[in-house]
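Structural description and commentary
Residues per chain, in single letters:
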Amino acid sequence: MSRSDPWWQVLDVPPDADKRTIRQAYSRLIKIHRPDDAPDTFARIREAYETARSTAVHRPDTPKTPLSRQPAREPEPPQTASVTDPTPEPGDLTDALTDLLSLLEDWKHSGFRDETCLTQLEAHPALLDLNNIAALRYPILSWLSDNTLSRRTLTGPSLTVPSTDLARLDRLFGWRRLERTYSDVPDQDFTLVFYGIHRGRGNTCYQHPQIDRMIDSRPRIRSISAAGVTLMCVVTLLLLVSLFQPGGAIGAMWVMLGILALFTFGGYGADRLRDSGLNRHPVVRRWVAVLDWTYFGLRHVLVPVTALLIMAGLVLAGSWFILWSLLEGYQTGLSTDSILALVMVTLAVSATLWAGKHYVVHELEDTQVAWWRTLRYNRS
Amino acid sequence: MEIGIDLGTTHSAIAVVRNGQPELIPNALGHWLTPSVVGVDDNGELLVGQTARERLISHPNLTVHAFKRLMGSDREWVLGAHRFRAEELSSLVLAALKADAEAFLGTTVTQAVISVPAYFNEAQRSATVHAAQLAGLEVTRLINEPTAAALVYGLHDRQDDHRYLILDLGGGTFDVTLLEFFDGVFEVHASAGDNQLGGEDFTLAVRDWLRDACKTKKSTKAPTDARLYQLAEQAKRVLTQEQSVRLTVTPELTLTLTRDDFDSLTQPLLLRLREPIMSGLQDAGLTPAAFDDVVLVGGATRMPAVQKFIGRLFRRIPRQTLDPDTVVALGAATQASMLARNQALEDIVMTDVMPYSLGIAVHNAHQVTNKLFEPIIERNQTVPVSRVKTFFPVHEDQQEILVQVYQGESRYVRNNLFLGDLRIPLPEAGQQRSVDIRFTYDTSGLLEVIVISGTAREPVHSERLIIEQHPGRMSPGDIEAALARLATLKVHPRDNQINRVLLARAERLYEQSLGESRAALSKQMDHFHQVLSSQQDDMITQGREAFQRWLDEFETRRWQ
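- Going by an unreviewed UniProt entry, chain B carries the name Molecular chaperone HscC and comes from Natronospirillum operosum.
- Entered under Sequence similarities (unreviewed entry) in the UniProt record, the comment concerning chain B runs "Belongs to the heat shock protein 70 family."

- Chain A is annotated in an unreviewed UniProt entry as J domain-containing protein from Natronospirillum operosum.

As structure tokens, this is what we get:
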């Protein structure tokens with residue numbers, strides 16, 4: 001018996017043996033090679049037995065054809081959970097599911113903050129039965145998946161459903177162990193929910209190519225771009241102010257820098273607070289909400305509006321400047337002043353366009369701004 | 001001698017196999033169960049078992065219990081002039097059990113199979129082995145508690161193709177084990193558990209309720225925690241039989257706890273039972289309907305609330321035909337007998353699983369200091385097991401590879417248990433720069449790590465690391481020191497234990513009562529002391545019987 005022998009030789013059975021024969025061979029062999037006395041031989045027999053068993057699973061007990069070349073373990077069909085788990089009283093379960101979903105809806109209305117909903121859900125009579133848990137596993141997961149959106153904040157994603165609560169529910173339903181099965185379900189993407197579950201269990205650096213693309217790389221680009229946009233606004237505003245009112249430039253600079261700092265660190269702090277256990281405290285929660293709103297306002301109102309105003313102002317001022325210098329230049333030739341003005345206007349316009357593009361691509365894409373979603377997803 | 005010991009959180013038991021049948025060994029008081037409680041008396045002498053348990057209320061500072069929950073940790077308890085680790089306290093209990101067995105069998109006992117919760121990790125397991133060493137016992141095998149119970153049930157039924165789901169809710173731990181008996185083979189499919197959930201938590205829940213009740217009632221003076229704990233324990237026991245219990249917390253305050261109240265108090269704990277069960281079922285790939293028997297083991301499963309909850313969970317009445325308190329000790333003795341190749345058990349083989357994953361630390365490109373865990377042996381594999389994986393260096397000019405071995409389920413090694421490490425040089429550039437790491441874990445809990453750099457056919461370097469029962473936190477030197485220290489301690493002789501228990505019990509009752517009862521008690525105690533000092537055996541026996549009768553009567557009167 002060497003390590004490379006196929007399992008039927010190790011177990012001394014025909015390759016097309018059924019489960020019963022395999023098991024008998026196994027129990028006969030391990031009584032000779034006991035796990036305590038002959039660990040090496042036992043381990044080999046065990047390995048052969050496991051391979052045999054997983055192969056035999058895919059065959060009926062009395063096979064007509066010899067062993068076909070099948071992979072040792074085929075991926076299970078997507079909805080194994082509901083296929084293999086008996087669902088004896090379907091009527092009963094529909095009621096239970098409605099009940100549970102309404103509890104979840106209540107929870108959602110509280111902004112996923114009311115823990116009593118979860119406690120009630122955990123103690124729900126229908127979930128005191130293991131068969132029911134298995135049967136309700138999938139519908140509950142898909143509800144969560146539909147409602148777990150990532151809120152885009154400056155420095156990172158934040159799920160609408162707190163990840164600690166996702167992990168808590170996972171402990172009851174055990175989705176995590178079926179992650180691979182669920183990832184094969186067509187038309188359903190559970191990546192975000194599983195991301196939350198793993199995060200809630202303390203595995204913050206959970207890696208998944210799709211998630212890396214969706215979440216991990218996004219915040220870095222966005223925080224830089226947002227800071228860049230703000231900085232650009234500051235610089236152009238300063239230029240404008242100093243053009244018309246040299247004394248006000250300093251004050252304007254401080255105001256803009258203050259906004260920039262709030263913008264960059266506020267979001268960061270809010271994310272940190274939200275992910276820490278502190279957010280259960282009402283005061284912290286209110287502070288996070290304030291930061292969130294400031295943040296939302298800055299991102300979706302202040303930045304675009306300032307950008308638009310600046311662009312409009314620049315275009316107006318620039319056109320007037322160019323017109324004037326052209327008229328002047330018609331008489332005296334192009335001056336250095338007018339060339340400078342031309343360059344400045346071109347720069348400002350392209351910067352604002354770049355910022356606007358970034359805003360649209362990175363800020364709007366995954367937010368819940370409805371019109372943008374419809375526009376984008378209808379098109380693609 | 002084929003001895004099995006169940007070292008429990010609240011109670012321990014010892015059993016022996018004689019004439020092919022496991023039987024329990026009674027302690028000096030004639031009880032099957034010895035409380036896992038250790039204390040010191042006023043003379044600095046150690047008390048173990050029932051005597052110490054009686055003193056839990058009267059001398060809470062000089063008595064410790066439930067130390068099994070902190071096995072494998074660095075926690076120390078101060079008892080009078082001494083400091084003890086959990087291993088040392090456990091060793092005192094083991095020594096008491098050993099003395100009982102020696103008195104019962106008339107021979108010396110040196111070897112034993114000791115049971116541990118299935119979900120104990122390597123540190124906790126090695127702490128148990130150290131405790132046995134300190135008590136002068138050689139551990140021939142650690143057996144998982146639910147597996148031990150399953151052995152007894154399986155051998156009792158002798159039914160082929162029978163699947164058992166064993167739920168072991170002990171004093172401090174909860175274990176789920178799924179196993180199958182076929183053709184004389186016990187095969188454990190999976191084990192899962194919760195190391196911090198047990199009957200003790202139910203008592204604590206009731207104690208907290210009592211404490212809150214005292215606060216709201218603003219009674220004259222709230223009793224001590226130890227007293228409340230004892231009341232809670234009593235309430236829990238009474239409620240397994242009765243529908244409600246009246247508790248005299250203080251002379252002014254009497255509370256009634258019904259079974260429904262108890263159920264709602266402990267519901268959060270009951271709900272926690274679901275998670276390990278679910279996880280075990282998922283690991284084994286089986287549905288609840290696939291089991292022929294759902295077996296309840298462990299004293300805490302006597303609670304009707306637990307039975308009802310499990311019944312509902314599985315839609316069937318769970319089985320508890322054998323005494324849930326002692327079945328594990330019997331199973332451990334059976335295992336000892338199997339290891340000794342007993343004729344009657346020759347056609348039986350048992351295979352168990354390792355409930356934790358074993359693996360190594362690998363590089364984390366995102367956070368260099370926070371290494372990832374790469375399992376080599378996944379959890380719930382049948383032991384002995386041998387698995388190999390190939391790893392590659394992170395950098396091209398890397399000279400050697402550091403292999404750090406961990407046990408656990410977390411994705412990050414920092415949350416897992418460190419077992420040991422070794423370094424291996426890599427082959428020169430140009431050759432195949434990879435290492436094969438083979439993990440071999442055997443039934444005695446020995447993990448062998450073989451690292452081969454180069455290819456398996458042409459190994460360039462190879463290193464071997466044996467992690468034997470995992471060094472844990474006590475080094476051999478520590479064990480020697482502890483042994484020397486324990487040898488100097490005086491343990492009460494076994495002979496007069498009955499008298500001591502009676503006196504300790506009287507003392508507890510004295511503290512709990514007032515006025516006339518106190519006077520009566522002290523009178524009886526004085527009398528018994530006098531009888532003891534007479535040193536005449538027949539008089540002592542007579543006096544003891546009378547004293548015991550009196551105490552029994554006194555106590556029943558009190559609870560009415």
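**Some thoughts on the sheet that holds strand S24 (residues 400–407) of chain B**
Residues and elements named next belong to chain B.
- Sheet architecture is open: 4 strands sit in the order S21-S20-S24-S25, paired in antiparallel fashion. Every interior strand has two partners, whereas the edge strands, strand S21 (372–377) and strand S25 (417–425), have only one. If you compare each strand with its neighbour and ignore which way they point, the axes differ by 30 degrees on average.
- In this sheet, S21 lies alongside strand S20 (residues 358–362) in antiparallel orientation, the contact comprising 5 bridges. For Gly359, the partnering residue across the bridge sits in S21 and is Pro375.

**Overview of a nonpolar patch on the surface**
- Taken together, the side chains of Trp320, Phe321 and Trp324 of chain A define a hydrophobic patch exposed on the protein surface, amounting to about 360 Å² of accessible area.
- Judged by its relative accessible area of 43%, Trp324 of chain A falls in the partly exposed class.

**With respect to the pairing of strand S10 (residues 111–116) of chain B**
Residues and elements named next belong to chain B.
- Counting buried residues along S10, 5 of its 6 residues qualify, which places the element largely inside the surrounding structure.
- Sheet analysis places strand S1 (residues 3–7) next to S10, joined by 3 bridges and oriented parallel. Looking at the pairing, Ile5 lines up with Ile114 of S10.
- Note that S10 and strand S11 (residues 138–144) share 6 bridges and pair parallel. Looking at S11, one finds that Ala112 is bridged to Val139.
- Each parallel crossover has a hand, and for S10 linked through helix H3 (residues 122–134) to S11 it is right-handed.

**What to know about the sheet that holds strand S14 (residues 185–194) of chain B**
Residue and element names in this part refer to chain B.
- Sheet architecture is open: 5 strands sit in the order S17-S12-S13-S14-S18, paired in mixed fashion. Both outer strands of the open sheet, strand S17 (293–297) and strand S18 (349–351), are each paired with one neighbouring strand and no more. When strand polarity is set aside, the average angle formed by the axes of neighbouring strands in this sheet is 20 degrees.
- Across 8 bridges, strand S12 (residues 162–169) lies against strand S13 (residues 174–182) in antiparallel orientation. Paired with Asp168 across the two strands is Asp175, which belongs to S13.
- Lying on the sheet, helix H9 (residues 274–284) is in contact with S12, S13 and S14; it crosses S14 at an angle near 140 degrees.

**Considering the nonpolar core**
- Ranked by internal contacts, the top residues of the largest apolar core, which has 83 residues, are Phe173 and Trp175 of chain A together with Leu167, Ile277 and Ile310 of chain B.
- Looking at this core element by element, the count peaks at 9 residues for helix H7 (residues 130–147) of chain A.
- Residue contacts for Ile277 of chain B: discarding those within four places in its chain leaves Leu130 of chain A together with Leu167, Phe174, Val176, Ile310, Leu313 and Phe314 of chain B.
- Of all hydrophobic cores here, the second largest spans 43 residues; its members include Phe67, Leu94, Ala101 and Val109 of chain B.

**Description of the interface of chain A and chain B**
- With 47 residues of chain A in contact, the opposing surface of chain B contributes 53 residues.
- Of the roughly 4,100 Å² buried between chain A and chain B, counting both surfaces, carbon and sulfur atoms make up 48%.
- By the criterion of area lost to chain B, the three top residues of chain A are Leu128, Leu130 and Arg177 of chain A, representing 18% of everything that side buries.
- Taken together, the links from chain A to chain B amount to 10 salt bridges.
- Salt-bridge contacts for Glu180 of chain B lead to Arg23 of chain A; the nearest nitrogen and oxygen are separated by 2.9 Å.
- Applying the counting criterion to the chain A and chain B interface returns 18 residue pairs in polar contact (both at pLDDT 80 or more).
- If you list the elements that add at least two residues to the side of chain A that touches chain B, you get helix H2 (19–32), helix H3 (39–56), H7 and helix H8 (163–173) of chain A.

Definitions and limits used
Every chain's residues receive numbers from 1 upward, in the order its sequence appears when written. The order in which chains are written sets their letters, starting at A; the order in which ligands are written sets their numbers, starting at 1. It should be noted that, the model being predicted, local features are given only for residues of pLDDT at least 70 and side-chain atom pairs only at 80 or more, the latter also being counted only at that level, while totals for whole chains, interfaces and linings use all residues. Side-chain measures here rest on the full set of heavy atoms in the structure, leaving out hydrogens and waters. UniProt positions are given in the numbering used here, feature names are shortened, and annotations may be inferred rather than shown by experiment. A pair of strands counts as paired when DSSP detects no fewer than two bridges linking them. Secondary structure is summarised from DSSP: a helix means a run of H or I of at least four residues, a strand means a run of E of at least two, and numbering begins at the N terminus for each. Lines fitted to C-alpha atoms define the axes here, with helix axes fitted over just the stretch in contact, and angles between the N-to-C directions of these axes take values from 0 to 180 degrees. Patch building starts from residues that exceed 30% relative accessible area and form no salt bridge, then joins like charges within 9 Å and nonpolar side chains (Val, Leu, Ile, Met, Phe, Trp, Tyr) within 5 Å. The accessible surface values rely on the Shrake-Rupley method and a 1.4 Å probe; as for residues, cover is taken only from the protein chains in view. Take a side-chain nitrogen of Lys or Arg and a carboxyl oxygen of Asp or Glu: if they are within 4 Å of each other, that pair is a salt bridge. Buried means the residue's accessible area, taken with a 1.4 Å probe over protein chains only, is under 20% of the maximum for its type, while exposed means over 50%, and partly exposed covers the values in between. Look down the strands so they point away from you; if the path from the first strand over the helix to the second goes clockwise, the crossover is right-handed. Here a residue-residue contact requires only that any non-hydrogen atoms of the pair lie within 4.5 Å. Side-chain atoms within 4.5 Å link the members of a nonpolar core, which is a set of buried Ala, Val, Leu, Ile, Met, Phe, Trp, Tyr and Cys residues. When two parts are brought into contact, each loses some accessible area as probed by a 1.4 Å sphere; the total of that loss over both is the buried area. Here a polar contact is recorded for every N or O atom pair within 3.5 Å, except that within protein the pair must consist of a potential hydrogen donor and a potential acceptor, and residues adjacent in sequence are included only if both atoms are side-chain atoms.

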